Amino acid sequence: MSLVLDAAAQDLLFREARTANTFSDEPVTEEQVQAIYDLVKFGPTAFNQTPLRITLVRSPEARERLVKHMAEGNRAKTAAAPLVAILSADNEFHEELPQLLPHFPQAKDAFFAERPVREQSALVNATLQAAYFIVGVRAAGLAAGPMTGLDFAGVQKEFLDGDHTPLMVVNIGKPGDDAWFPRSPRLEFDQVITTV
């Protein structure tokens, strides 16, 4: 075996993990979310930037406001999930770089003074962090249902501001009845990997 992670952990994080479409009523606690974040915050990003922002939608009123911005096929799932997170990119992430990159604090102005450069970097690195977050949810023994079928402008206006770009909505919880669609195919090694 070429991987050092044991087979059970590989299954939990990847092989057996699936996008959940239904969830049980078991709540997702603040402690679970804290543990997930405290694990995934160590995932690598460019310049150690941390543009991902996570908005937890817990109140019934906020959930109702979010559901109206979801695509029709995602509304019931989002309404019923124990916890929903809006993942977004902070386009002003560079303000934190002196703290996050203490050996090179001038990176804030040397590389990220221009807003279009920040937006591109925030999009790439927050999306990378979103993937870590999904794997972290799985590591907590929970299921994630990430979705991009939503009105992005509506979600931004309703929950964020002009400095934050929504990336996706993630339903989180213990899987419910009939939570899984059949596994879709994946590309094989030789369809993806090229050696030069």
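The structure under discussion appears in the preceding block.
1. Some details on the overall build of the protein
Logical step 1: Helix and strand counts for the protein stand at nine helices and four strands.
Logical step 2: Listing every helix and strand of the protein by position from the N terminus yields α-α-β-α-α-β-α-α-α-β-α-β-α.
Logical step 3: Referenced to the eigenvectors of the C-alpha coordinate spread, the extents of the protein come out at roughly 50 × 50 × 35 Å.
Logical step 4: When contacts within the protein are restricted to residue pairs at least 6 apart in sequence, those whose partners lie at least 24 apart make up 80%.
Logical step 5: Roughly 11,300 Å² of accessible area belongs to the protein as shown, and the carbon and sulfur atoms make up 58% of that amount.
Logical step 6: Averaging the positions of the 18 positive and the 26 negative side-chain charges in the protein gives two centres separated by 2 Å.

2. Digging into the packing of helix 3 (residues 60-67) against helix 4 (residues 72-80)
Logical step 1: Following both chains from N to C, one finds helix 3 and helix 4 inclined at 170°, their axes separated by 9 Å at the closest point. What the angle tells us is that helix 3 and helix 4 run roughly antiparallel. Of helix 4, the residues touching helix 3 (which contributes Arg-63, Leu-66 and Val-67) are Arg-75, Thr-78, Ala-79 and Ala-80.
Logical step 2: Across the contact of helix 3 with helix 4, the residue classes tally to four nonpolar, one polar and two charged.

Reading the values: rules and limits
- Residues numbered from 1 in each chain as written.
- Predicted model: local features only at pLDDT ≥ 70, side-chain atom pairs only at ≥ 80, totals over all residues.
- Heavy atoms only, no water.
- Helix = DSSP H or I, 4+ residues; strand = E, 2+ residues; numbered from the N terminus.
- Contact = heavy atoms within 4.5 Å.
- Areas by Shrake-Rupley, 256 points an atom, 1.4 Å probe, with all protein chains shown as cover.
- Lys, Arg positive; Asp, Glu negative; His and termini not counted.
- Charge placed at Lys NZ, Arg CZ, Asp CG, Glu CD.
- Axes fitted to C-alpha atoms, helices over the stretch in contact; angles between N-to-C directions.
- Parallel < 35°, antiparallel > 145°, perpendicular 65-115°, else oblique.
- Nonpolar A, V, L, I, M, F, W, Y, C, P; charged D, E, K, R; others polar.

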